[in-house]
Amino acid sequence: MKKKREKNVSISGSETLLKSLLEEGVDTIFGYPGGAIMPVFDALYDYRKELNHILVRHEQGAIHAAQGYARASGKAGVVFVTSGPGATNTITGIADAMIDSTPLVVISGQVVSSLLGTDAFQEIDIVGISQPVTKWSYQIRKVDNVSWAVAQAFHIATTGRPGPVVLDFTKDAQLATTNYYYQKCHSIRSYIPSPKANPENVRQAAELINAAKRPFALVGQGVELGNAENELRSFIEKAQIPAAWTLLGASVLPSEHPLNKGMLGMHGNLAPNLKTNECDVLIAIGMRFDDRVTGNLNEYARQAKIIHFDIDPSEINKNVSVNVHVLGNVKTTLPAVESLLKTAKHEKWIESFDIVNQEEYDKVIEPEIYCNREAISMGEVVRTVADATNGDAIIVTDVGQNQMMGARYSKWKSPRSFISSGGLGTMGFGLPAAIGAKIGMPSRTVCLFCGDGGMQMCIQELGTIMQSKVKIKIIILNNKYLGMVRQWQEMFHNKRYSETPMLNPDFVKLAESYRIKARKVSKRDDLEDAVKEMLAHNGSYLLEVDVEKKGMVFPMTPAGTSVTNVILEK
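What you see is a predicted model; the values in this text were computed from it and never measured.

Draft legend 1. Representation of the sheet that holds strand 7 (residues 164-170) within the structure. Read across the open sheet, the six strands follow the order 3-2-4-5-7-6; overall the sheet is parallel. Each having just a single partner strand, strand 3 (52-55) and strand 6 (136-140) make up the two edges of the open sheet. In this sheet, adjacent strand axes meet at a mean angle of 20 degrees when their direction is disregarded. The pairing of strand 2 (residues 28-31) with strand 4 (residues 77-81) spans two bridges and is classified as parallel. What sits directly across from Phe 30, in strand 4, is Val 79.

Right under this line is the structure:
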């Protein structure tokens, strides 16, 4: 039972922080102790039953684990770190969370207020450093401001377009005492997290869709963030609009939905990219027209009327000029437009996607997932795992070829089933994010795909798995290269493989040293059995698969070119 708010109880700033987190429904914290945050960790000693603290092995691991937790659970991820290097080690993950709209509250320790600005031991201006990559950064210098700051932080991080918040907590404020009282924040003057849609824009959007002969929906993570998956399905089904998804929108539609036409972007499916420049009405839903999706903006969807649904006004006309914008949470704006839509079919238009996709299947997909080459391909590993998990697993990826293969060849039945670093493309994200995802959704199987390069960037988090007994399935697609960089070197730099071959450790022995069961597969005949063993094991499991050294991810649209300039094969 939730504790009632307490008034006129004098407690320390550190305990005030913990009680405030409990009021916000926090149950898990990822962190690493140190001198400037030590009073908070001392107070945490008495709250171990209410708050589960996950001791990571590096602060970057904490921030990525909190991202995975937030993306899987839909709740804000919370991080505790100390001052100086503890705080600066989180910046990559904070920037990643900002670009990918992930709600985080990061609490960093800070030197006592009297030493601010003196270059004291482990003093750093984390507020100044983090401001460009956060929704809000604030330094708590007075104990009376602790509960207020926490309430503000959670409101800002979780409402509107979500994102990270940093609270820098001076040590004297942690130690001082105050009369505890907590009041949740429900509004902030001048902060409008969910703008209201203009009824005239809603009407114009519906008119464009009703008049369309070849409508096409581009679906992004905004649908997931708005918990609007059902509204999306109802919307596209009524008007029979084929839909494709961005990388972070991968699981907002079930893989088998008849209107799901695949992935957009540089390594997306052939038909969605080509049809972008053939549709007459392009409907962007909770996506931001990233350059990896649009390619050359001068050649992007010039023939189409464009409608943009988004919660963030700054995204409207930022990259692509649109004819109509519908501001607000898509959970409310999609039904508003749908109520004005006429029932439609568009059978020939929808069929045209399938005809194009057949070409991709014949030239790319079938050779990849039913590989007849000597070496195992990445795609067949991903599809083997997808088939074995029946589309029910949360798929986490690192960054690179493993990421694109994980997105292309996995399957999903339910939302929040694909977690990856999108806008920042952070290698090392995968392992800690998978840990966080499993802690956030303990009832679901979590499978991580990573390359041999990305795995080694945060490999120390195997220690977090060991200590916290997290049960994830790690699949290393080992091609002994930095695979995506090597692919670019092969295609655009005359096969000059500068600093991309990798000399790797024995991953199996390394995993076993952390008490994690592990196995290596080099032969195709052993793959299916190894995947079954991995999934059946009651605990974390590392499966290393030797894949072809110079495998390629196709299709590929070269950077800066038109979305129709798709390469299908060498």
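So that's the structure; there's more coming.
Draft legend 2. The arrangement of the pattern of salt bridges in detail. One pass over the structure, following the stated rule, counts 27 salt bridges. Residue Arg 519 pairs with Asp 529 through a salt bridge whose shortest N-O separation is 3.1 Å. In this pair, Arg 519 is assigned in strand 19 (residues 517-521) and Asp 529 in helix 23 (residues 527-536), connecting sequence segments 10 residues apart. The exposure class of Asp 529 is partly exposed, given its relative accessible area of 44%. Residues joined in a network through salt bridges with shared partners are Arg 161, Asp 312, Glu 315 and Lys 318.

Draft legend 3. Region of the structure containing the sheet that holds strand 20 (residues 541-546). With parallel pairing, six strands are arranged side by side in an open sheet as 16-15-17-18-20-19. On the outer flanks of this sheet lie strand 16 (418-419) and strand 19, each paired with one strand and no other. By the bridge criterion, six bridges tie strand 18 (residues 473-478) to strand 20 in an arrangement that is parallel. Paired with Ile 475 across the strands is Leu 543, a residue of strand 20. Sitting on the sheet, helix 16 (residues 378-389) is in contact with strand 17 (446-451), strand 18 and strand 20, with an inclination near 160 degrees to strand 18.

Draft legend 4. Representation of the domain arrangement of the protein chain. Here the protein chain is partitioned into domain 1 (4-182), domain 2 (199-352) and domain 3 (374-546). Measuring from the centre of the C-alpha atoms in domain 1 to the corresponding centre in domain 3 gives 30 Å. With 24 residues of domain 1 at the interface, the matching set in domain 3 holds 27 residues. On the domain 1 side of the contact with domain 3, Arg 57, Arg 71 and Ala 72 bury the most area, a combined 32% of that side's loss. At the boundary of domain 1 and domain 3, one finds zero salt bridges. One can count 10 residue pairs in polar contact (both at pLDDT 80 or more) joining domain 1 with domain 3. Contributing elements (two or more residues each) for the side of domain 1 that touches domain 3: strand 2, strand 3, helix 3 (59-73) and helix 5 (91-99). The element best represented in the side of domain 1 that touches domain 3 is helix 3, accounting for 11 residues. Class assignment for the residues of the side of domain 1 that touches domain 3 results in 10 nonpolar, 10 polar and four charged.

Draft legend 5. A look at the state of the cysteines. Applying the stated criterion to the full structure yields zero disulfides. There is no disulfide at Cys 447, and the cysteine sulfur nearest it, in Cys 450, is 12 Å away. Since its relative accessible area comes to 0%, Cys 447 is described here as buried.

Rules behind the numbers
Residues numbered from 1 in each chain as written. Predicted model: local features only at pLDDT ≥ 70, side-chain atom pairs only at ≥ 80, totals over all residues. Heavy atoms only, no water. Pairing = 2+ DSSP bridges. Helix = DSSP H or I, 4+ residues; strand = E, 2+ residues; numbered from the N terminus. Axes fitted to C-alpha atoms, helices over the stretch in contact; angles between N-to-C directions. Salt bridge = Lys/Arg side-chain N within 4 Å of Asp/Glu carboxyl O. Buried < 20%, exposed > 50% of the residue type's maximum accessible area, 1.4 Å probe, protein only. Contact = heavy atoms within 4.5 Å. Domains from an automatic or database assignment. Buried area = accessible area lost by both parts, 1.4 Å probe. Polar contact = N/O pair within 3.5 Å; in protein donor to acceptor, adjacent residues only side chain to side chain. Nonpolar A, V, L, I, M, F, W, Y, C, P; charged D, E, K, R; others polar. Disulfide = S-S within 2.5 Å.

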